[in-house]
Amino acid sequence: MRLKPLAFAIACCCAQAMAADPAPGGEDAPVAEKTGKDGPIESVTISARRREERLQDVPVAVTAFSAKALENQNIQNLGDLQTRVPNLTVYASRGTNSTLTAFIRGVGQADPLWGVDPGVGIYFDDVYMARPQGALLDVFDVQRVEVLRGPQGTLYGKNTIGGAIKYVSRPLSKENGGSAEVAVGNYDQRNVKGALNLASASGELRARIAVAALRREGFGRNTFNGEPASDQDTDAARLSFGYFPAGLPFTIVASADAANDNSHMRGFQRMGVSAYDPLKRPPSTDRYDFASAMPSQNRTRNRGAALTATYFASADWTLKAIGAKRRSSSGQTIDFDGLSLSIGDVSGDAHDRQKTLELQALYAASGGMSGVIGAYYFDGDAGGRIFNNFLGRQFTGSDSTVYTKSTALYADWTLPLAERWELNAGLRHTREKKRAVVLNRAFADAAFLRPAMTLANFDKELSVSNTAPKVTLRYQALDSTNLYASASRGFKSGGYNIRANNVAVPESSRPYRDEKLDSLEFGAKYARADGSFDVNAALFLNKYKDMQLSVFTSYVQADGTPSFYGDFTNAGKAKVKGAELEFVWRPNRQWNVSGFAAWLHARYDEYLSGGRNIASEQKFSSTPRGQYGLNLERVDQNVMGGTLRTMLGYSYRSKVYPTTDLSETLAQPGYGLWSAGVVWEASRQWTFSLHGANLADKHYRTDGYNIPALYILDGFYGPPRQITARAAYRF
């Protein structure tokens, strides 16, 4: 079913709210309220510095989305944030549906392999998700989402060198209640979400369960067997229990979550002609159709459990312990050539498990002094297998596991210096040990049962330590204006290339070094007392050292057979500078105008390849130079007994190179996306909405593969036009 958007687009020629929508976050949501000329105005309270603070008071570049904003702006998963946050790039990685690739201010990691650490940290209810598989989280029963830009190493540790994305689910409420939601749309979309909160009469015992079943037919087809491509088949659930004794100074909350994704292979466009195709079929014209004889597999399983204990030691001190376990598994096939031939067929599976424990001592005094002292422990392993079938005559397999143990001590403290002046300083020291067990072989058969040659076989350890400082000076120029300047350092963990091939590249089993980034930032936050105008601005300069890059390199074997090798190396040095602006203007009770603009200039100072500095020839991948967005919202009261919100939004991104080889064919020129929506809040219980995303059906690439030795050139595209109708009931 493909709905026609014309009438819908005409009807919705008004408004969309900004990311930092001044709306409540749901049950027991932390909300700061101020009274303006048009009545109460609410703004999201965030926990970017591990304690709850008003967004405008935090000297950090952060965009926050309340539950209401996420709903009104039709944000279905973390990938939808890309059009609403400055200098953020986030999308499904290459041939996957739920594996996340994220860049903030040009910093991230495009290779979603299990042995590689990300540059943007993902936190689910304050628990770090170490691997990108399944991290493209679907939004349901959520309280808020925060996007922190810039290094967050002091408070959040390693692998937040670019920033962090925090997903905060709805808390346990002391009131009984719940919600149910049904959504339908084109491509046979059928989503069902529900939540139920139960509490004892005193509110001391509380429980909550939330479920989601998300279905959608594919954007394309596997024309070889008729199976869908780029579809969605996801089930997810969360369960939590809490004990909040009235006469005792502590609380305990236990939670568990699970998600199963059973989607088919992701579709892509063949953008070249393969010399190994006897029919020399021309490039495909569809964004999502391909023809593969491989079994369609793109499954992911995620499981997690956490226990949070909080002790209120005094009026000023709170002690907290967060213990968690997470594990995931995934299986995937990628037909690089997109044909029913064995030119570039890849399949594999991955698994990981992690145990974390974080202890925090939080201090908040009436005089303005506040801070947190903490200790963190991480123990995890991530492993998997990859099987490559090239041209039906070259068979290689990788089998590897990376074990990681990490400990850290940190402190972050805010001290009032004088009237209107405040100093915030933090320090984190991390010690980490990594062990990589790698066995990469060539096989004599397509079943990968008869090893013919060992390409790499090693068991190596790497120990590192890092100290990440941060210092921020904040000045309250006016009651409505905060200025700040900060200097910080972040690092991304080093390791080993699990694709190592010592036959082709003898040094490939050597470790790559930690990636380090020093950042200087100046910011200003202004919020009028009556809530009619908010604006946040930031200027920053990042100095990058030992930048980690994944590059697919073609080569020819001694027998003349073409092949390719996934190299992972430290590129060298770079500088990234940029500016960001976000605003919300509320001229009256009816209208909201919001938007953002971002500019980024990233260049290499040193990029060593084959002993030669080729910095002048290189560009950052997944890093647009310019971004902007404008959103309008009109609110009409007493429309058929309820409140009607009509919204229109536009976002633009300049040219992007999605791959490190800088293929001009795969490069995505600048493009814009239109969205619109109508939300009718019929009563306190019922809400009906109609939303459209990518209304102009813009074709835009997010990722790709370029392997010249195999004549492989593939482009992966973002979602097409989607129309969704939704009905929600809250009780």
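See the structure above.
What you see is a predicted model, and the numbers here were worked out from it, not measured in a lab.

Caption draft 1: Examining the pattern of salt bridges more closely. Enumeration over the complete set of coordinates arrives at 43 salt bridges. A salt bridge links Arg 50 to Glu 358, with the nearest nitrogen and oxygen atoms 3.5 Å apart. In this pair, Arg 50 is assigned in the loop between β2 (39–46) and β3 (53–54) and Glu 358 in strand β22 (residues 344–364), connecting sequence segments 308 residues apart. Among the residues examined, Arg 50 registers a relative accessible area of 9% and is labelled buried. By relative accessible area, which is 3% here, Glu 358 ends up buried. Put simply, Arg 170 and Asp 141 hold a salt bridge, and the shortest N to O gap is 3.7 Å.

Caption draft 2: Just the sheet that holds strand β11 (residues 163–169), in detail. Spatially, five strands are ordered β4-β10-β11-β8-β9 in an open sheet, and the strand pairing comes out mixed. The open sheet has two edge strands, β4 (62–66) and β9 (127–129), and neither has a second partner. Within the sheet, the average angular offset between the axes of one strand and its neighbour, ignoring direction, is 20 degrees. Note that strand β8 (residues 120–124) and β9 share three bridges and pair antiparallel. The residue of β9 that forms the bridge with Ile 122 is Met 129.

Caption draft 3: Main features of the packing of aromatic side chains. All chains considered together, the criterion is met by 32 aromatic pairs. Centre to centre, the rings of Trp 686 and Phe 688 are 5.7 Å apart; their planes meet at 5 degrees, and the pair counts as stacked. In textbook terms, an aromatic cluster arises when at least three aromatic residues are bridged by ring pairs, as seen for Phe 268, Phe 290, Phe 336, Tyr 705 and Phe 716. Positioned above the aromatic ring of Phe 244, the side-chain terminus of Arg 206 is 3.8 Å from the ring centre. When the ring centre of Phe 458 is taken as origin, the NZ or CZ atom of Lys 460, which lies over that ring, is 5.4 Å away.

Caption draft 4: The arrangement of the sheet that holds strand β40 (residues 712–717) in detail. A sheet is described by the order of its strands in space; here three strands give the open sequence β19-β40-β39, paired in antiparallel fashion. Of all the strands in the sheet, just β19 (269–270) and β39 (701–707) have a single pairing partner and so form its edges. Summarising the sheet, β39 and β40 pair through six bridges and their orientation is antiparallel. Its bridge partner being in β40, Asp 703 is matched across the sheet by Phe 716.

Caption draft 5: Just the pairing of strand β18 (residues 250–261), in detail. One ladder, built from 10 bridges, connects strand β17 (residues 232–243) with β18; its direction is antiparallel. Counterpart to Phe 241 in the pairing with β18 is Ala 254. Hairpin connection between β17 and β18: a loop of six residues separates the two successive antiparallel strands. Taken together, the 12 bridges between β18 and strand β20 (residues 298–311) define a ladder with antiparallel strand orientation.

Caption draft 6: Quick look at the side chain of Ser 486. Following the sequence through the fold, Ser 486 ends up in strand β27 (residues 481–492). Ignoring anything within four residues of it in the chain, the contact list for Ser 486 reads Val 471, Thr 472, Ser 519, Leu 520 and Glu 521.

Caption draft 7: Up close: the nonpolar core. Core analysis: the biggest nonpolar cluster contains 33 residues, and Trp 114, Phe 336 and Phe 458 have the highest contact counts within it. Residue assignment for this core shows that the elements contributing at least two residues are β22, β23 (370–390), β25 (421–443), β26 (451–478), β39 and β40. Discounting chain neighbours no more than four positions away, the residues touching Phe 458 are Ala 436, Val 437, Val 438, Tyr 496, Asn 497, Ala 500 and Ser 509. Counting residues in each nonpolar core, the second largest holds 31 residues, with Ile 75, Leu 81, Leu 88 and Ile 104 among its members.

Caption draft 8: Geometry of the pairing of β40. With six of its six residues buried, β40 lies for the most part within the structure. With burial as the criterion, each face of β40 is covered, one bearing Ile 712, Asp 714 and Phe 716 and the other bearing Leu 713, Gly 715 and Tyr 717. Of the strand pairs in this sheet, β19 and β40 are connected by two bridges, and their pairing is antiparallel. The partner of Arg 270 across the bridge, within β40, is Asp 714.

Each value, and the rule that gives it
- Residues numbered from 1 in each chain as written.
- Predicted model: local features only at pLDDT ≥ 70, side-chain atom pairs only at ≥ 80, totals over all residues.
- Heavy atoms only, no water.
- Salt bridge = Lys/Arg side-chain N within 4 Å of Asp/Glu carboxyl O.
- Helix = DSSP H or I, 4+ residues; strand = E, 2+ residues; numbered from the N terminus.
- Buried < 20%, exposed > 50% of the residue type's maximum accessible area, 1.4 Å probe, protein only.
- Pairing = 2+ DSSP bridges.
- Axes fitted to C-alpha atoms, helices over the stretch in contact; angles between N-to-C directions.
- Phe/Tyr/Trp six-rings, centres within 6.5 Å; stacked < 30°, edge-to-face > 60°.
- Lys NZ or Arg CZ within 6 Å of the ring centre and 35° of its normal.
- Contact = heavy atoms within 4.5 Å.
- Core = buried A, V, L, I, M, F, W, Y, C linked by side-chain atoms within 4.5 Å.

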